[in-house]
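# Report on the structure
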Amino acid sequence: MKMSQLLMPTLREAPAEAEIMSHNLMLRAGLIRKLAAGVYSFLPLGYRVIKKIENIVREEMDRKGAQELLLPALQPAELWQDSGRWNVYGKELMRLKDRHDRDFCLGPTHEEVITDLVRREVKSYKQLPLNLYQIQTKFRDEIRPRFGLMRGREFIMKDAYSFDYSREGLDESYEKMYEAYCNIFKRCGLVYRAVEADTGAIGGSDSHEFMVMAETGENEIVHCASCHYAANMEKAVCAAPQELDAASQEMLPLEEVKTPDIHTIEELSEFLNINVEQTIKTLLYQADDEVVAVLVRGDREVNEIKLKNMLGCIELYLAETEIVEKITNAAVGFAGPVNLSGVKVFADYEITNVINGIAGANKTDYHLKNVNFKRDFQVEAFCDLRLATVDDPCPHCGNPVAITRGIEVGHIFKLGTKYSEAMNATYLDENGKEKVCTMGCYGIGIGRTAAAAIEQNNDDKGIIWPMPIAPFHVVIVPIKANDREIMDIADNIYQSFSEKGIEAIIDDRKERPGVKFNDADLIGFPIRIVVGKKSVNEGKVEVKIRKSGEEWEEQLDQVIPKIISLVQADLEMK
RNA sequence: CGGGACAUAGCUCAGUUUGGUAGAGCGCUGCGUUCGGGACGCAGAGGUCGCAGGUUCAAAUCCUGUUGUCCCGACCA
């Protein structure tokens, strides 16, 4: 490939819209361009990266026995009504009508289509297990697309669906996918971690997210340094604390204190000169049609995912001001569990151990001192309802945990029979008895993986592509594009590479060397070979490794085989 | 959907407060000199100032509406 012919519009300055490094560099290196919010074109270099990732995904999926197919992005509403999701999926679903006013949508995911296919074509246990996947563009009308390819409204995704005849079969399929995903992200040169994840509205027992470690990630991960425990913050378990010996502390009499102009827990603890741990925070939530009260210690945050799962509700949000005022008979900020009527009260485990605590008095400008569970208030249940913190012990081994951020590039689920049951995907077993398929689903964001790779591999000069997903392995830079001798040497190097399957690109543009060097660094080709006067006179070229910055001069006949084996070794990350 | 900001040349931005002939740097075209880490000179091309109304002798600038974009939050297989 000759660079002079490539559409490769690099930018000197960062576009104003790019907020994070991967977005910035993808625009600057000429990999992508924006068409609309969350909708991007892939330019030739960017698309090469996408195809590299796709091919790694294909190889690893195929290796586990999955079969590639391609399903339509345009889907009739009937299928979604069939599964019950037409009304549930909400505004995120891109809906449209055809000329006959029939409802369609653009697929955000393909459980419906694949289940429909399988229920039509699979009749016998002899056809199972089956794992089908595709790499295709998905559409989700995200409320807020952001960060370039990180969260788009149109994006490329690999989605796979497994069909088994038993729970055990699903476990096996799931395990295979788990392994495939590990191989894929490892081969992409990423530092990643598989973490336990919430299954959300989708239900099912097990779910793992594959997180690429990066500070710009949208997810928080709780992980243990001593054992293998790692979980998404949404999922991270907070173990129930040891119950204090209630007799060891004397319960003091309940007391009302005036706390005007106190709005935060910090102000309250300062005003009353007590530890934040002594305070009880009371939050009112609207859970579908019901209002519930949730108690957590003042220094804790409610984990709304846990709450949602515990309540089994579909919608959950903090109750509106008017509702809070009506229930507490007080301004917002003074809710408390004592004499709170008309709502169920759920408390985090830790509330058991708050002796003589401080809570809102359900009276504007007043709090209560010496509030104690049982004596002063009752609860519906104690549960794990709070967000984990770095101070929480690992729920598996009890050792300290750390919290870091990550980018979710893959997610695997054990679906069970949710869709196969709703859509009647059945088969006949050995005894001629009709059984429902057990499903799993497995997704990878291809574009997001590319973005995550950049987040993890860049410096002040630009991208540093891992070899397996680099748009080209080697860039050959002839220092003068109009010098015949130099160009001939560059062409010969190119030839010897392509014979060995090494992808090289020649920067034959009539630019000054500085421009070529800066573009090479910006785009992030792993290896750079400079051909100059020394190459003509002494047969030497200069080699530079982008990642390490290592740089040396060497005779052509020696350096070519060396680079070939270097590239091949880097590609062997299988 | 709530809060905030922005929209002027391909890109980054000035000009808007106080209405009066639309600017800079980079990029682009041509010629020349250069040529190992984003060169220099000369000559050019390129914008109905997001769009639609309104006020005014006169609007990039003031007013109203609208669309798009970005950030924070809520939301999210």
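Residues numbered from 1 in each chain as written. Chains lettered and ligands numbered in written order. Predicted model: local features only at pLDDT ≥ 70, side-chain atom pairs only at ≥ 80, totals over all residues. Heavy atoms only, no water.

## Focus: the overall build of chain A
Tallying secondary structure elements over chain A gives 14 helices and 31 strands in all. In terms of overall dimensions, chain A has C-alpha extents of about 95 × 65 × 50 Å along its principal axes. A burial count over chain A gives 51% of its 574 residues as buried. Here chain A displays about 26800 Å² of accessible surface, and carbon together with sulfur accounts for 48% of that area. Looking at chain A, you have 70 positive and 92 negative side-chain charges, and the mean spots of the two groups are 6 Å apart. (Helix = DSSP H or I, 4+ residues; strand = E, 2+ residues; numbered from the N terminus. Buried < 20%, exposed > 50% of the residue type's maximum accessible area, 1.4 Å probe, protein only. Areas by Shrake-Rupley, 256 points an atom, 1.4 Å probe, with all protein chains shown as cover. Lys, Arg positive; Asp, Glu negative; His and termini not counted. Charge placed at Lys NZ, Arg CZ, Asp CG, Glu CD.)

## Examining the protein's contact with RNA strand B
Around RNA strand B, a shell composed of 41 residues is seen, among which Glu-111, Arg-144, Asp-521, Arg-528 and Glu-542 lie nearest. Of all RNA strand B atoms lying within 4 Å of any protein atom, the proportion belonging to sugar or phosphate reaches 47%. Between RNA strand B and Arg-12, the relevant distance is 2.8 Å, taken from a sugar or linking oxygen to a side-chain nitrogen or oxygen of the residue. Contributing elements (two or more residues each) for the surface near RNA strand B: strand 1 (32-36), helix 7 (304-311), helix 12 (513-523), strand 29 (527-531) and strand 30 (540-545). When residues in the surface near RNA strand B are grouped by element, the largest group, seven residues, is from helix 12. The residue makeup of the surface near RNA strand B, split by class, is 15 nonpolar, four polar and 22 charged. (Near = heavy atom within 4 Å. Polar contact = N/O pair within 3.5 Å; in protein donor to acceptor, adjacent residues only side chain to side chain. Nonpolar A, V, L, I, M, F, W, Y, C, P; charged D, E, K, R; others polar.)

## Structural notes on the domain arrangement of chain A
Under the domain assignment used here, chain A contains domain 1 (15-237 + 403-454), domain 2 (246-383) and domain 3 (472-571). On a C-alpha basis, the centres of domain 2 and domain 3 stand 67 Å from each other. (Domains from an automatic or database assignment.)

## Focus on the nonpolar core
If you look at the biggest cluster of nonpolar residues, it comprises 64 residues, and the most contacted ones within it are Leu-31, Tyr-181 and Trp-465. When residues of this core are assigned to their parent elements, the largest contribution, eight residues, is made by helix 5 (residues 167-187). Shared between two domains, this core holds at least three residues of each, these being domain 1 (15-237 + 403-454) and domain 3 (472-571). Setting aside residues no more than four positions away along its own chain, Trp-465 makes contact with Leu-31, Val-49, Ala-450, Ala-453, Ile-454, Ala-470, Pro-471, Ile-523, Gly-524 and Pro-526. (Core = buried A, V, L, I, M, F, W, Y, C linked by side-chain atoms within 4.5 Å. Contact = heavy atoms within 4.5 Å.)

## Remarks on the packing of helix 1 (residues 21-28) against helix 10 (residues 446-456)
One can describe the packing of helix 1 onto helix 10 by two numbers: an axis separation of 8 Å at closest approach and a directional angle of 105°. In this view, helix 1 runs roughly perpendicular relative to helix 10, as classed from their interaxial angle. Of helix 10, the residues touching helix 1 (which contributes Met-21, Ser-22, Leu-25 and Met-26) are Ala-450, Ala-451, Ile-454 and Glu-455. (Axes fitted to C-alpha atoms, helices over the stretch in contact; angles between N-to-C directions. Parallel < 35°, antiparallel > 145°, perpendicular 65-115°, else oblique.)

## Some remarks on the packing of aromatic side chains
In this structure the tally under the stated criterion is 12 aromatic pairs. Taken together, a centroid distance of 5.8 Å and an interplanar angle of 35° make the contact between Phe-185 and Phe-210 tilted. One end of the pair, Phe-185, is in helix 5; the other, Phe-210, is in strand 10 (residues 207-213), with 25 residues separating them in the sequence. Since its relative accessible area comes to 0%, Phe-185 is described here as buried. We classify Phe-210 as buried; its relative accessible area is 0%. For the pair Phe-373 and Phe-382, a centre-to-centre distance of 4.9 Å together with 85° between the ring planes defines the contact as edge-to-face. What links up through ring pairs into an aromatic cluster is the set Tyr-178, Tyr-181, Phe-185, Tyr-192 and Phe-210. Cation over ring: Lys-414 sits above Tyr-174, and NZ or CZ is 4.9 Å from the ring centre. Of note, Arg-528 hangs over the ring of Phe-517, and the distance from its end group to the ring centre comes to 4.2 Å. (Phe/Tyr/Trp six-rings, centres within 6.5 Å; stacked < 30°, edge-to-face > 60°. Lys NZ or Arg CZ within 6 Å of the ring centre and 35° of its normal.)

## A look at helix 12
All buried positions along helix 12 are accounted for by Lys-516, Asp-519, Ala-520, Asp-521, Leu-522 and Ile-523. On its buried face, helix 12 is in contact with helix 1, helix 2 (44-63), strand 26 (462-463), strand 27 (474-478) and strand 29. One or two positions beyond helix 12, positive phi appears at Gly-524, with a value near 90°.

## Remarks on the side chain of Asn-356
By secondary structure assignment, the location of Asn-356 is in the loop between strand 17 (344-348) and strand 18 (357-360). There is a polar contact of 2.9 Å between the side chain of Asn-356 and the backbone oxygen of Glu-250. Sequence-distant contacts of Asn-356, that is, excluding residues within four places in its chain, are made with Glu-250, Met-251, Leu-252, Gln-278, Asn-370, Val-371 and Asn-372.

## Quick notes on a negative patch on the surface
A surface patch of negative charge is lined by Asp-261, Glu-266, Glu-267 and Glu-270. Mapped onto the secondary structure, Glu-267 falls in helix 6 (residues 265-272). The exposure class assigned to Glu-267 is partly exposed, which follows from its relative accessible area of 35%. (Patch = residues over 30% accessible without salt bridge, like charges linked within 9 Å, V, L, I, M, F, W, Y side chains within 5 Å. Salt bridge = Lys/Arg side-chain N within 4 Å of Asp/Glu carboxyl O.)

## Structural notes on unusual backbone geometry
In this structure, Pro-129 follows Leu-128 across a cis peptide bond, with omega equal to -5°. Looking at the secondary structure, you find Pro-129 in the loop between helix 4 (111-121) and strand 7 (130-139). Of note in this structure, Asn-273 is not a glycine but carries a positive phi near 55°. Along the chain, Asn-273 turns up in the loop between helix 6 and strand 14 (280-287). The exposure class of Asn-273 is exposed, given its relative accessible area of 71%. In the Ramachandran plot, Lys-374 falls in the positive-phi region, its phi being about 80° despite a non-glycine side chain. Judged by relative accessible area, which is 59%, Lys-374 ranks as exposed.

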